[in-house]
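So you can see what is in the structure, the chains are spelled out below.
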Amino acid sequence: MTFRTETPVTLRAQLVKCKISKIAFQQPVDQVPDWDNRQRTVKWVDIGRQAATHRPAKKKVIETDPEPAHTVLENTARELPLQVSAVADYAQIECKAETIRFKDTLLFQTRVFEFQMLNKGNVQLEFSWQVLMESYGKGVSFSEKHANLPEGQGNGTRPLSRSGSRPVSALESVSPLLTGDPDLPPFIVEPSIGVIAARKKQVFLIKFSPLDVAEFEGRLVCSIPNLKDDQGPTMAVKGRSLLPFCHFDIVDSDYISSNQRDPELRGPRGAPPRATLDSNTRVIEFFSVGLSTTITRTFDIMNPTNVAYSFQWRCDDPADLRLQPVFRCLTEKDTIRAGKKVENTFEFLPQQLDTAESFWTFLIPEHNIAVPFLLVGHAREPSVYLDRSYLNYRSLLIGLDAHETVYIVNSEETAFNFSFRETSRHSEGFQDSLTLQPMEGVVPPKSRVPVVISFNPTHEGKVNINLMCDVKGKTFPLTMNVKVDSYSMNASLQYEKTEGELTQFSQDKVNEINFQQVELNEKAHCNFLVSNTGKFILGFQWELWGPKELLRFLKVVPETGSVVVGQQTRSTLSFYPLQRCVLKDVGLKLKIKNGPTFNCTLAGSAVPPGVHFSFTKHNFGMNFIAGLVPCSQKLVITNKGEKEASIECLFTNTAYLVVGHLSEVLPPGGVVEVPITFYPKEAIKYKETVTFEINGFTQQSVEILGQGIEMKVELGDPKQKMVNLGALRVGQTVKRLIPLVNNSHVPLTFNLVVNPNQQALMDPKVFRVSPQGEVTLKASGGRCLVEVVFSPKRRVPPFTEEGMVEWCGTSRSLFMLRGCCQALEISLDQDYIPFGAVIMNSQASRRILMQNTGDIGASFKWDVQKFAPDFSISPVGGYISPGMEVTFDLIFSPLNLSQDIRYDNLSCFIEGGKPLKLTLTGSCVMAPITKEVVNFVCQVRTRQSQSILLQNKTNQLWNLRPVIEGEQWSGPPSFVVEPHQQNKPYEITYRPLTMTLDGKKHQGSVFFAFPDGTGLLYLLQGFAEPPKSSGNITREVPSKTSYSELLPISNWLPKPQRFRVIVELIKPDKLDCTTLLKGLDYIEVPALTKRDYKLNFFSYKEGQFSAKVTFRNETTQEYLYYTVNFKATPPGIISTIEMTSPVRQCTSAVIKVDNPLLTPVTFTTDCKLQDINFPTHLTVPAQSEGTLMFEFQPLKSGETTGRLTLQHHDLGFFQYELVLKALPAGLEKPLYFRTTLGSSQAINAKFINFCRLKTEYTCKIDSPDFHLEKTISAAPGSQGGTEVSVEVIFEPSQLGETRGVLSISSPVGGDYAIPLYGTCGPPKAQGPFPIRTGSTASIPFKNIFLQTTAFSFQVDNPAFTVKPLETVRSKKTHSVLVSFEGNPTGAKTPVSGKMTVSCPRSEGTGQSISWVYYLKGVTV
């Protein structure tokens, strides 16, 4: 779909109709290529030969590919509506165009100006910037304020000289040394090309980077192709460059500008901390991974002037002979020729993992220029580690090698050397050793090196080895703890005899097992018990050995397995011979994995069984499917053995094969017969195996074969499936022959049956099919002819009869017979019409119906002269077509009194047929005299019946037809009064459809005409009362739940009625706005039908409500009504709200509540769940919807349920079910510790307590190097939580990194997990401790290890004495007593010494650690 327009336009869901039709291809779908009307084919066609070259000339022709041949399927077309939205508009921008003047900028530096462009249009905006230089003038006049500036960076400048003159340029000689092309414009716009989305902003940066000394002026032109006025923004830019004395080709650092520098560090020349550094200080940063590795930084210093000068570097750090400098300048002095550059190199050799600083000054003596520099070195621990800290081989069998691979991982960008300590790979006493491959090597950058650790245990027991690996540059070695538990296998084997006796097998000799004699197809078993008497689980495997023809009769189950410590398992050896054999040179071997082996020999023989089957294979042959006569065969089983045999049939009967159930014991010589019946269900070959189990072990299989075939009796000519006998006339005869063929594979005997449905066809003289009775056809092509004869004697309507083949209780349709006999058949629906008694000079009418049920039309005409003078008929004549009906009106108008008026044999002449006869009777009587008035009273649309008693005093039978006037009354149309019958009741019913108003009554009469010419006339009067209730409906509805009651409304009239609906309240007198009882104002009901009226009920609060609902016809004022009673019960759950949140995180939900009242309401909220935060009140304006937002902030993980309730005294309760799921919380922010061995560091671990109650938290750490209080109390938390802190003390007991997790838990406040990372360095020296001559000083020393350790104490000066060896308990402080005897020279000068405390091998580190205490002897 293509959208294109020349003017701005906006489409919003524009409707585009796409017609879709189903099509059918003439070829298979997989051979039809994809096609649309855009596909083209390029061809080159000949257009003749060229005169010069005599070569054929070609012309390029592009043709549209034809649509594949297809046809459109009828009635499959439909329209697919597409909604298209698009916007076409001009681009609109907002950009402040101004002249940009850059400050004077030194060469090789950059200044940046930032501005914004806004796309105000509705479409995206494409832009591209172009820089046009207008002037480029060399020879610059420098201002005074820039006279002493060497160079600047960004928007800043730095002073380099106090001279007021500028240097002479030598740029032509320097330019080959610079990066960049001086001929390029110095102005750059970023981004220079791009797209701005509609209603979005784009920030642009204009950079001024001069590479030559000049004044620059240009224009920045922005091209925007979609502007309405075709004019983009244009900006003027100006800038001037200055020439510095020198240029440092280094990248400036933001170490100072971004406040990365620690203010507590000292400044140049020993300046105190927090001293202000020179703003022109240049920073050179070094980054080192690891210690004792030299890092170099090399950069160029350029001289852009035309005069050579010298330079030198001066270190401004205070001199300290005790410390080796970490920074060194390799080019302290040199000379830079005009227009040249000199390479300078600094080295950084870190001594500790920290940030080191050094202040230097770059000096040019000839120009009295000084530039301050700050060298910053960062050294960090290299990220080289073992992928695991411990290796547990667990249980290893003695004598077996175990191999594990660990990896030394290098996450750094440089390679590192590693070497495992030889002494660390042995256990104590050098009884066991680890083999490592390789022992040393190099880990490439961002890679890892596998180290294979092998171990071969030599004795039983546990082994613990602490492996250590030194990595160049790391302060501490990598450590790994290796644990091994060595063991050996112990097992025993027992043989279980049939009587339960156990025999112990020896592993030192060959054992024997004898099966004795076993019948063929029977099983003999032998059980073994394998016991594990060792300390570890053992594995076993059975092996049979001997000739292959015998081993196939032997099997051990299970062949392999395992036995847990102290348990035993059972294995079974089975001997299952299938032919006669003797076990010889056959044995069994049990191998215990990594343990002993047990051997035994097997003996026994196989003898034949004694049960005989009459056959083991039977073929039922071909049988018809679905036959009622199955095929059956008996299997005879005989026990010819000398002992009893149990026989059981294991076959499960199927739908097509049934085997008689058999499960019994045959004595010797016993015989049993098993019936096998075959019921084929499909035309397939069947094959089943019936298995019999003998004596519970041996199985005998009997193979049953058979085939199901279909009964294929077919027509010789398929076209005769429908045989048309034609449309015959009376007297004609037709005969048809139908050939039948038996295509079945077996002969077939069947009955040919045709059962006519019409009575006329049951006459064999009219309809006959032969042959009759049984018909036998040969297999595979047997034929016979079926003769059908049709000879109608009178009209036979069109018929279709079915020819059936009946065989074995089943029937199948073969052919259909169709035909008819056309004839004339016209009749009257009645040929005798009694009119009854008619008052003289009045008339009565009746109707009769003429029907043409034949196949031929005919004209008719009545003999009207014979109807006069008392009767008449219309129409007199006409034409009646086949299947047509004609209605005649008969009128009886007697002129003279007569008790019996009778007209017989009134004729209607039919063209081509016999005339129809009609008899009419009636009587003429005088007008009767009124006898009495019968009164009726009932409710409208109900019934009331009364009886009128009549007497027949004559000897004649009266057949009376009462005449009733008045639409409200009805009665039987006729009734009989026997001769001399007294008080014969005639029941008349009053059913008014309208009410009687203003005292008026319904009037009517009933007239009885007697055969003797007399009659009785009764006047009828009826009073219709208002209707009663159509129903009293009582319902219980939960409050705050909408309910609709369906009231059935009946229309008693034969025309539609429109009812007005009136709802009148009974209780209470008036509904307030919290209750709704309403439906439609009108309802229309079709004639004589019912329609349901929907009455809606809704109540916010509980209560009883009763009303009368009236349905009134405003035209007739007739009505009906219902009484409804609604009881509003307490409300249930309005809705269920599911909320999920991680522990201590908030998630919110919203509940909307309606206020139907005319005044604002305030709901009171309540929820018993402590994890739910909600406002206690919610105010909703009048007739508005309010929103209650609440939060779920769980403190413990798990799932809970609860209820949130809103209550108002007028609107009742609103209850919501809450299903809450709290997910486990992650780890808190970790704490990092760093201290030396023998010292400790305390840091407060902080967490947020959200519990609203005062609670107590339990604290524990999974590492012994961290300590804290076991319990802490927390005050009730605020809405956003209250911070709680607990002091964690890190007192390491080994060098290197220690990890732990601080777990803080409370049954109410929840659980917190804080990772702890501690780094321990070597102990630092302490002191000096002053000791007076002849006195003793007590120096505290703490054993930081986890076990009692013996420490040695040594002094390097004999003037001091100390006890050489002390044993200190774990984590205890010991006072070391040091004595000072005085200066041995006798002088009073102080005497210095050093006490060293050490232990042979510090626990957990595998290396010796010493503590140094400086001593100072004071001579008094």
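Model, not experiment: these values are computed from the prediction.

## Things to note about the environment of C246
Assignment of secondary structure puts C246 in the loop between β18 (234-242) and β19 (247-248). You can call C246 buried: its relative accessible area is 0%.

## Some points on the packing of aromatic side chains
Throughout the structure, instances matching the rule amount to 71 aromatic pairs. The interplanar angle of 75 degrees and the centroid separation of 5.2 Å between the aromatic rings of F248 and F373 together place this pair among those described as edge-to-face. You can see F248 sitting in strand β19 and its partner F373 sitting in strand β27 (residues 369-380), a full 125 residues away along the chain. The same class applies to F248 as to F373, namely buried. Judged by centre distance (4.8 Å) and plane angle (75 degrees), the ring pair of F871 and Y903 falls under edge-to-face. Residue F871 is found in strand β69 (residues 871-874), and its partner Y903 is found in strand β72 (residues 898-910); the two are separated by 32 residues along the sequence. You can call Y903 buried: its relative accessible area is 13%. An aromatic cluster of three or more residues is present, and its members are F248, F299, F311, W313, F346, W360, F362 and F373. Lying across the ring of W1052, R941 places its NZ or CZ 3.7 Å from the centre. Between the NZ or CZ atom of K1108 and the centre of the ring of Y1121, over which it lies, the distance is 4.4 Å.

## Some words on the pattern of salt bridges
This structure, assessed with the given rule, holds 40 salt bridges. E422 serves as the salt-bridge partner of R425, at 2.9 Å between the closest nitrogen and oxygen. A salt bridge links K634 to E673, with the nearest nitrogen and oxygen atoms 3.7 Å apart. On the criterion of sequence distance, the pair formed by K634 in strand β49 (residues 631-639) and E673 in strand β53 (residues 671-678) is long-range, its members being 39 residues apart. Relative accessible area serves as the criterion here: at 48%, E673 is assigned to the partly exposed category.

## Some points on the environment of F1290
By secondary structure assignment, the location of F1290 is in strand β104 (residues 1282-1290). You can call F1290 buried: its relative accessible area is 0%. For F1290 and Y1317, which are 27 residues apart along the polypeptide, the C-alpha to C-alpha distance reads 9.4 Å. Other than its neighbours up to four places away in sequence, F1290 contacts F1233, T1235, S1239, S1240, Q1241, D1265, F1266, T1298, G1318 and T1319.

## Looking at the sheet that holds strand β110 (residues 1360-1362)
Consider a sheet: its strands pair through backbone hydrogen bonds, and that pairing is either parallel or antiparallel. With antiparallel pairing, 3 strands are arranged side by side in an open sheet as β108-β112-β110. A single partner strand is all that each edge strand has here, and the edge strands are β108 (1336-1342) and β110. When strand polarity is set aside, the average angle formed by the axes of neighbouring strands in this sheet is 30 degrees. As judged from the 3 bridges shared by β110 and strand β112 (residues 1373-1380), these two strands associate in the antiparallel manner. Note on β112: the bridge partner recorded for F1360 is F1380.

## A closer look at the side chain of N1343
Relative to the assigned elements, N1343 resides in the loop between β108 and β109 (1349-1355). A relative accessible area of 0% means that N1343 is categorised as buried. A polar atom in the side chain of N1343 sits 2.9 Å from the backbone oxygen of V1368. Only 3.3 Å separates the side chain of N1343 from the backbone oxygen of R1369, close enough to count as a polar contact.

## Thoughts on the state of the cysteines
Note: disulfide means a covalent bond formed between the sulfur atoms of two cysteine side chains. A complete count under the given rule lists 0 disulfides for this structure. A disulfide-free cysteine, C315 has its sulfur positioned 9.8 Å from the sulfur of C329, the nearest such atom. We classify C315 as partly exposed; its relative accessible area is 37%. Of all cysteine sulfurs in the structure, the one in C1146 sits closest to C1167, which takes part in no disulfide; the separation is 14 Å.

## Notes on the confidence of the model for the protein
Per-residue confidence for the protein gives a mean pLDDT of 84, with 94% of residues at or over 70. Segment residues 170-179: pLDDT under 50, and 22 contacts once partners within four positions in sequence are set aside and those in other chains are kept. Note that residues 1402-1406 has pLDDT below 50 and, in this model, 15 contacts with residues that lie over four places away or in other chains.

## Notes on the pairing of strand β105 (residues 1296-1306)
Taken together, the 4 bridges between strand β101 (residues 1255-1261) and β105 define a ladder with antiparallel strand orientation. The partner of C1259 across the bridge, within β105, is I1304. The antiparallel pairing of β105 with strand β106 (residues 1310-1321) creates a hairpin that spans 3 residues between the two strands.

## Section: the nonpolar core
Counting residues in each nonpolar core, the largest one holds 36 residues, and the members touching the most others are F528, W542 and F575. When residues of this core are traced back to their parent elements, those giving at least two are β37 (491-496), β39 (510-519), β40 (524-532), β41 (538-545), β42 (554-557), β44 (568-575), β45 (582-592) and β46 (597-607). The element that contributes the greatest number of residues to this core is β45, accounting for 5 residues. Every residue in contact with F528, bar those within four places of it in the chain, is listed here: L493, Q494, Y495, F505, I513, W542, T569, R570, S571, L573 and L588.

## Remarks on the side chain of R941
Summarising the element assignment, R941 is placed in the loop between β74 (930-939) and β75 (944-950). You can call R941 buried: its relative accessible area is 18%. Side-chain polar atoms of R941 contact the side chain of E1118, separated by 3.4 Å. Look past the residues within four positions of R941 in its chain and what remains in contact with it is P992, L993, P1027, W1052, E1118, Y1119 and L1120.

## Considering unusual backbone geometry
For the bond from Q437 to P438, the omega torsion is 0 degrees, close enough to zero to count as cis. With respect to the helices, strands and loops of the structure, P438 is situated in the loop between β32 (435-437) and β33 (440-443). Across the junction of S770 and P771, the peptide omega takes the value 5 degrees, indicating a cis bond. Its place among the elements puts P771 in the loop between β60 (767-770) and β61 (774-777).

What counts and what doesn't
Residues numbered from 1 in each chain as written. Predicted model: local features only at pLDDT ≥ 70, side-chain atom pairs only at ≥ 80, totals over all residues. Heavy atoms only, no water. Helix = DSSP H or I, 4+ residues; strand = E, 2+ residues; numbered from the N terminus. Buried < 20%, exposed > 50% of the residue type's maximum accessible area, 1.4 Å probe, protein only. Phe/Tyr/Trp six-rings, centres within 6.5 Å; stacked < 30°, edge-to-face > 60°. Lys NZ or Arg CZ within 6 Å of the ring centre and 35° of its normal. Salt bridge = Lys/Arg side-chain N within 4 Å of Asp/Glu carboxyl O. Contact = heavy atoms within 4.5 Å. Pairing = 2+ DSSP bridges. Axes fitted to C-alpha atoms, helices over the stretch in contact; angles between N-to-C directions. Polar contact = N/O pair within 3.5 Å; in protein donor to acceptor, adjacent residues only side chain to side chain. Disulfide = S-S within 2.5 Å. pLDDT = per-residue confidence, 0-100. Core = buried A, V, L, I, M, F, W, Y, C linked by side-chain atoms within 4.5 Å.

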